[in-house]
Amino acid sequence: MAQLDKNIKKVCSFYISDWHLVTMLLPNIDKKINKGIKITTITETNLTEKIQALLDKLKIKNKEKILNIGWKTKEINEEEIQNILKENNEIIINGSIEYIEEVNKKIEKTIDENFKDKEITIINCYDITKYEGKVKEIIEHHDKILNTSGEKDKQEYISSISIAN
């Protein structure tokens, strides 16, 4: 199910390396922080060094806020999910497809029980080098696609892939 509720939006993103991931996410994160949207990450791998190195090379006013959204590896339990949902409107999830699915299930369960009316965006980030054959299947379970040019409607993205082939 792509959309749990009218207030829940699922977005997917594809990257080829951790550097590509943080580079692609940064403009979206900066824009959302400027709008006052609270963001956190749930990541299977520690991305702190990469985001720090990238931010050191850029002139962005939200550096501290971007660093503080949490780039370290997290083990996620239901209590942690509740705390994340209380504090944040956007959750970026990165890791293996199994990790992403497990975290999404925990989020969906917690939303169903406690946060039905809260507006939440979940951005699931997939390493395309590992899941290239599953891109279309992954897209089907999401409402939008996030890439370097921002969020796109999934039909627009699928059409651009079809044209390229």
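Structural data are supplied above this passage.
Only a predicted model underlies this, so the values are computations on that prediction, with no experimental measurement involved.

**Q** Would you explain the overall build of the chain in this entry?
**A** In terms of regular secondary structure, the chain is built from 8 helices and 6 strands. Its helices and strands taken in sequence order, the chain reads β-α-β-α-α-α-β-α-β-α-α-β-β-α from the N to the C terminus. Scaling as 2.2 N^0.38, a compact globule of 165 residues should have a C-alpha radius of gyration of about 15 Å, and the chain matches this with 15 Å. Taken along its principal axes, the extent of the C-alpha atoms in the chain is 40 × 40 × 30 Å. Within the chain, buried positions represent 46% of all 165 residues. Partitioning the intrachain contacts of the chain with sequence separation of at least 6 by distance along the chain shows that 79% fall at a separation of at least 24. Surface exposure of the chain reaches about 9,200 Å², of which carbon and sulfur atoms provide 47%. Across the chain, 27 positive and 29 negative side-chain charges occur, with their mean positions spaced 5 Å apart.

**Q** Hey, could you run me through a negative patch on the surface in this one?
**A** A cluster of acidic side chains, namely Glu-44, Glu-75, Glu-98, Glu-101, Glu-137 and Glu-140, defines a negative patch on the protein surface. Looking at the negative patch, the elements that each hand over two or more residues are α5 (97-114) and α7 (135-140). For Glu-75, the location among the structural elements is in the loop between α3 (63-67) and α4 (78-87).

**Q** Could you clarify how one ought to interpret the sheet that holds strand β1 (residues 8-15) in this entry?
**A** Strand pairing within a sheet occurs via backbone hydrogen bonds; the two strands may be parallel or antiparallel. Pairing is mixed in the open sheet, where 6 strands are placed in the order β2-β3-β4-β1-β5-β6. What marks the edges here is a single partner per strand, and that holds for β2 (39-43) and β6 (150-153). Averaged over all adjacent pairs, the angle separating strand axes in this sheet is 25°, with direction ignored. Pairing geometry for β1 and strand β4 (residues 120-127), over 8 bridges, is parallel. Paired with Phe-14 across the strands is Tyr-126, a residue of β4. In the packing of helix α1 (residues 18-34) onto the sheet, contacts are made with β1, β2, β3 (90-94), β4, β5 (144-147) and β6, and the angle to β1 comes to roughly 145°. α4 contacts β2, β3 and β4 of the sheet and is inclined by roughly 155° relative to β2.

**Q** Explain the pattern of salt bridges here, please?
**A** Within this structure, the stated rule accounts for 6 salt bridges. Close ionic contact of Lys-9 with Glu-151 constitutes a salt bridge, the shortest N to O distance being 2.9 Å. Pair noted here: Lys-9 is in strand β1 and Glu-151 is in strand β6, with a separation of 142 residues, a long-range link. For Glu-151, a relative accessible area of 24% gives the class partly exposed. Among the salt bridges present, the one from Glu-108 reaches Lys-10, with a minimum N-O distance of 2.4 Å. Of this pair, Glu-108 sits in helix α5 while Lys-10 sits in strand β1, and the two are 98 residues apart along the sequence. Overlapping salt bridges, with partners in common, bring together Lys-9, Lys-32, Glu-90 and Glu-151 in one network.

**Q** Would you explain α1 in this entry?
**A** In an α-helix, one turn spans 3.6 residues; hence positions three or four apart end up facing the same way. For α1, which comprises 17 residues, the first-to-last C-alpha distance of 24 Å matches the rise-based estimate of 24 Å (1.5 Å per residue) to within 8%. For α1, the principal kink sits at Leu-26 and spans about 30°; a proline, Pro-27, occurs within the next four residues. Within the sequence span of α1, burial applies to Leu-21, Val-22, Met-24, Leu-25, Leu-26, Asn-28, Ile-29, Asp-30, Lys-32 and Ile-33. Note on α1: the residue one or two positions beyond its end, Gly-36, has a positive phi of about 85°.

**Q** What am I meant to see in the packing of α1 against helix α2 (residues 48-57) here?
**A** Two numbers describe a pair of packed helices, the interaxial angle and the distance between the axes. Two elements in contact, α1 and α2, have axes whose closest approach is 10 Å; the angle formed by their N-to-C orientations is 55°. Considered as vectors, α1 and α2 are oriented oblique to each other. α2 is crossed by α1, and the crossing has right-handed handedness. Contacts between α1 and α2 involve Asp-18, Trp-19, Val-22, Thr-23 and Leu-26 from the former and Lys-50, Ile-51, Ala-53, Leu-54 and Leu-55 from the latter.

Analysis parameters
Residues numbered from 1 in each chain as written. Predicted model: local features only at pLDDT ≥ 70, side-chain atom pairs only at ≥ 80, totals over all residues. Heavy atoms only, no water. Helix = DSSP H or I, 4+ residues; strand = E, 2+ residues; numbered from the N terminus. Rg over C-alpha atoms; globule rule 2.2 N^0.38 Å. Buried < 20%, exposed > 50% of the residue type's maximum accessible area, 1.4 Å probe, protein only. Contact = heavy atoms within 4.5 Å. Areas by Shrake-Rupley, 256 points an atom, 1.4 Å probe, with all protein chains shown as cover. Lys, Arg positive; Asp, Glu negative; His and termini not counted. Charge placed at Lys NZ, Arg CZ, Asp CG, Glu CD. Patch = residues over 30% accessible without salt bridge, like charges linked within 9 Å, V, L, I, M, F, W, Y side chains within 5 Å. Salt bridge = Lys/Arg side-chain N within 4 Å of Asp/Glu carboxyl O. Pairing = 2+ DSSP bridges. Axes fitted to C-alpha atoms, helices over the stretch in contact; angles between N-to-C directions. Expected span 1.5 Å × (residues − 1). Bend = angle between axes of the 7 residues up to and from the residue. Parallel < 35°, antiparallel > 145°, perpendicular 65-115°, else oblique. Left-handed = near helix turned anticlockwise from the far one by under 90°.

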